[in-house]
Each structure stands twice: as structure tokens, then as C-alpha cells.
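# Structural overview
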Amino acid sequence: GVSVRFGRGRWFAAFTAEQDMSRPPSAAPDAVAGIDLGIKSLAVLSTGEEIPSPRHLGRSLRKARRLSRTVSRRRGPDRRTRQQPSNRWRRAASALGKAQGRVADQRRDALHKATTDLTGRFGTLVVEDLHVRGMLANRRLARHVADASFAEFRRQSEYKAAWRGGRVIVADRWYASSKTCSGCGAVKAKLALSERTYVCTMCGAVADRDLNAARNLAEYGQREVAGSGPETVNGRGADHKTGPARQVAVKRQPGTAQAGQAGTVPPQGRTAA
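The present account deals with the structure reproduced in this document. (Residues numbered from 1 in each chain as written. Predicted model: local features only at pLDDT ≥ 70, side-chain atom pairs only at ≥ 80, totals over all residues. Heavy atoms only, no water.)

### Let's talk about a positive patch on the surface
Taken together, the side chains of Arg-62, Lys-63, Arg-65, Arg-66, Arg-69, Arg-73, Arg-102 and Arg-143 make up a positively charged region of the molecular surface. Tracing the backbone through its elements, the reader meets Arg-65 in helix 1 (residues 56-73). Residue Arg-65 is classed as partly exposed on the basis of its relative accessible area of 47%. (Patch = residues over 30% accessible without salt bridge, like charges linked within 9 Å, V, L, I, M, F, W, Y side chains within 5 Å. Areas by Shrake-Rupley, 256 points an atom, 1.4 Å probe, with all protein chains shown as cover. Salt bridge = Lys/Arg side-chain N within 4 Å of Asp/Glu carboxyl O. Lys, Arg positive; Asp, Glu negative; His and termini not counted. Charge placed at Lys NZ, Arg CZ, Asp CG, Glu CD. Helix = DSSP H or I, 4+ residues; strand = E, 2+ residues; numbered from the N terminus. Buried < 20%, exposed > 50% of the residue type's maximum accessible area, 1.4 Å probe, protein only.)

The following block contains the structure:
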């Protein structure tokens, strides 16, 4: 059967068909690529490649705002009085829907091209488990984060990698990929978002922040593939201090003000009250 629907000023018809398709494996099935997703660049690979962020919404935002103001000035539907929308409102709403739909189609097309290329070249992709909801809470970055569509990038990568016999490894959310030096493995206690260049105070290595994180993700994936992944190093150095009052990492609970604060383990031979 065929399902027909109207949306964004256009008619859509969807139907299903069975077809046997064979997709060739990736060009390098044993290759592992770390991918650091971001706003400035959509993705930075551990190989040094960079996929620029298209920012389709930002380019079309002026037109969308103008059409939205036009819709608000027309006589629209009112459920309380059962008022029917005017023909001018219908035309304006249709134009706005087409503009918004074009942005969505451009974003989806760019993601499909990027994920198809990556899964066709690398057998294993490593991405981060990003806390997108928390990133959207930043009013200065919310629109850019939503426009990047990190979840869709991960979704497409996962099923396309499975088509080619590869896989996508999702690094733990608490893995300090940005704070860890890709050269010597030293971990910084703090790394401000404004610091775009990573400078290691231990070995003196200097690298782009996103490239350094992508290299750490690639190493994380190689350990997972080898099956000998060590424990994740905490960004604040917890779980790696010795002494009677060593620190242990404590996961932040929703609604608490002490985010990421480490707890204290009582000395040996004593019992906590």
C-alpha cells in the first residue's frame, strides 16, 4: 500500500518494496577512526581530516524569520471560536513550511554524504556519547547544536556501518577525550571551552583541541577492538590518588549543585558513620 500525507507545503507518498541489495565492505575493515563531533566543525577525524559544519539553519534563518512574521500577521485558525484560516494565511504557512523543509532536507543530505563516506572507508568508527540535552541548555549554543544533529549522525553511522560489516563504538560519556593528552596520556584537571588548542604541561605537546580528542577516541576504539581496554581515567584525577583519604569519582546526580565533585573514602581500618 501507499501512505500519503501533506506537510511542509508539499505532498508526500511513501510505499515499501522488497529488494536484495549487497553492499561492499569498507575499504579498510581493520582501520579505526576517532570522530570528534562539534559546532565549529561538524566532525574532526583522528587522521587530521575535517568535515566543515554546513550550518544550513543559520544561512536560511533570515528568510525563515521573515516568513514567520508574515504568517503571524495573517488571520490563522482559532480552535476556541472555530475560525477558519484565511487563504493568505494558508499561502504564507505553506511558504514557511517549504523553507523549513528545505533546511531539513539539506541537513539530512549532508549527513548522509558524510556518514556514507566514513563508513565506506573505515571499518570501525568511534564517537562520544554526548550529553545533548545539557548542551541545548546553553542558550548561546542551542541553535547551533540542534542544527548539527549529532544524534542523526550517530544513527546513520550505526546502521550504515552494520551494512558493511563494520561497527560504531560509543565512548563512555565520562571518558575525558578532550582533557587527555594524545601523546603521553596525561590528564588535565580542567579545560575551558575557550581553549581551542591543547597544550600538555607534561610532555609539551601542542595540538588542536578537536584533533587531540579524535586521536584519543581512536585509541579508545583500538583498545575496545583488542579487548583489553583499561579503566577510564577520570578527568579530575580521581581513583588514581593514594593515601588514607583518596578520592573516588562520583557521578553527578540531576538537580545537584556539586557537579562532578569527588567523594572521599575513609581510611582503612575505620568505618564510616
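The discussion continues.
### Things to note about helix 1
Given a rise of 1.5 Å per residue, 18 residues ought to cover 26 Å, and the 26 Å separating the end C-alpha atoms of helix 1 matches this to within 8%. Maximum bend of helix 1: about 45 degrees, positioned at Arg-62. Of the residues making up helix 1, those classed as buried are His-56, Leu-61, Ala-64, Leu-67, Thr-70 and Val-71. Of the surrounding elements, those touching the buried residues of helix 1 are helix 2 (87-121) and helix 4 (142-148). (Expected span 1.5 Å × (residues − 1). Bend = angle between axes of the 7 residues up to and from the residue. Contact = heavy atoms within 4.5 Å.)

### Let's talk about empty space enclosed by the protein
In this structure the tally under the stated criterion is one cavity of 30 Å³ or more. In this structure, the largest cavity encloses a volume near 120 Å³. Taken together, Ile-39, Leu-42, Ser-53, Pro-54, Arg-55, His-56, Arg-107, Ala-110, Leu-111, His-144, Asp-147 and Ala-148 make up the full set of residues lining the largest cavity. Of all elements in the fold, only helix 2 and helix 4 reach the threshold of two or more residues within the lining of the largest cavity. Tallied by class, residues from the lining of the largest cavity come to six nonpolar, three polar and three charged. (1 Å grid on protein atoms, 1.4 Å probe; cavity = no way out; pocket = protein on both sides within 12 Å on 5 of 7 lines; lining within 4 Å. Points joined across faces, edges and corners; volume = space filled by probe spheres on them. Nonpolar A, V, L, I, M, F, W, Y, C, P; charged D, E, K, R; others polar.)

### Observations regarding the side chain of Thr-180
Examined against the element boundaries, Thr-180 turns out to sit in the loop between strand 7 (167-171) and strand 8 (197-199). Residue classification places Thr-180 among the buried positions, given a relative accessible area of 10%.

### Quick notes on the pattern of salt bridges
Pairs may arise between side chains of opposite charge once their charged atoms sit close together. A complete count under the given rule lists twelve salt bridges for this structure. Note that Arg-80 is salt-bridged to Asp-78, the shortest N-O span being 3.4 Å. Judged by its relative accessible area of 76%, Arg-80 is exposed. Residue class for Asp-78 comes out partly exposed when judged on its relative accessible area of 23%. Of the charged contacts in the structure, one is a salt bridge between Arg-107 and Asp-147, with a shortest N-O distance of 2.9 Å. Note that Arg-107 is positioned in helix 2 and Asp-147 in helix 4, a separation of 40 residues in sequence.

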